[in-house]
Every structure is written in structure tokens, then in C-alpha cells.
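An overview of the molecular structure
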Amino acid sequence: LLRAAAPGEDVFTWTVLVVIPAVFQLNYLNRGLRLYPQTVFIPIYTAILVVLSTVVGAVFYQEHTDMMAQPRWQHFFTLGVCWIVAGISLFPLREPSPAGG
């Protein structure tokens, strides 16, 4: 795959396209861990990452066309996203753990 492209050009482009979002993601992750407890931030971060990865994968691999053709799949996907959002929205309702125990 790398040999088929122009030497250095395609590799540099993909490196830039990967490194810049990676730096932003690490910045977001570090800032979130600094501002919120890890028991709250990590599950929310992971849930959002899974949903966004699923959506981007469906668009990139053009699986969304199959999903749009069958309304049942649309309903299941929407229901799954709603469950994730509902679970994330329950985090503020948690009771804080007692200090020291």
C-alpha cells in the first residue's frame, strides 16, 4: 500500500491526519481526568468513543445504506444510542462515595 503511493507524500499526509486528532484527543482526555473523577469521566468518554466510532465506521464502510434500507435496524441502532445517552445522563444522579471508606 505504501509503495503504490508517491514516496513520502501519502505517508506525510496520513501522518498529519492522524497525529493532529490524536493530540486533541489526548488533550481532551487529560483535561477531563483533571477536572472530573476518573470513575465518572472514563465511562462517559468510552461510551461516547464507541458511539462515534460506530457511526464513523458505518459511514466510512457505507454500512449506513443497509441500515437505512431496513427500518428495524434503524430502530435498534437508535434505541442503543438512546440507552447509552440515558446511562450517561444517570451519572450526575449518583451519590458521592463517602470519604475514607
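The paragraphs below set out a description of the structure included in this document. This structure is a prediction, so every number in the text was calculated from the model and none was measured.

**Some remarks on the overall build of the chain**
Each helix and strand in the chain was counted, giving four helices and zero strands. In the chain, the succession of helices and strands from N to C terminus is α-α-α-α. Burial statistics for the chain: of 101 residues in total, 11% are counted as buried. Taking contacts inside the chain between residues at least 6 apart in sequence as the whole, the part at least 24 apart equals 42%. In the form shown here, the chain has an accessible surface area of approximately 8700 Å², with 70% of it arising from carbon and sulfur atoms.

**Quick look at helix 2 (residues 38-60)**
For helix 2, spanning 23 residues, the distance from its first C-alpha to its last is 31 Å, which sits close to the expected 33 Å at 1.5 Å a residue. Inspection of helix 2 places Val 40, Phe 41, Ile 44, Tyr 45, Ala 47, Val 51, Gly 57 and Ala 58 among the buried residues, and these make up the whole buried set. Just downstream of helix 2 lies Gln 62, where phi reads positive at about 55°.

About the cut-offs
Sequence positions are assigned chain by chain, starting from 1 and proceeding in written order. Per-residue local features of the predicted model are confined to residues with pLDDT of at least 70, and side-chain atom pairs are confined, for both listing and counting, to 80 or more; whole-chain, interface and lining totals are unaffected and use all residues. The side-chain numbers reported here are obtained from all heavy atoms of the structure, hydrogens and water having been left aside. Helical segments are the DSSP runs of H or I of at least four residues, strand segments are the runs of E of at least two, and each set is numbered from the N terminus. Each residue gets one of three labels from its accessible area relative to the maximum for its type: buried under 20%, exposed over 50%, partly exposed in between, using a 1.4 Å probe on protein chains only. By definition in these notes, contact holds between two residues if any of their heavy atoms fall within 4.5 Å. All accessible areas in this document rest on Shrake-Rupley with a 1.4 Å probe, and a residue is counted as covered only by the protein chains that are shown. Multiply 1.5 Å by the residue count of a helix minus one, and that product is the helix's expected span.

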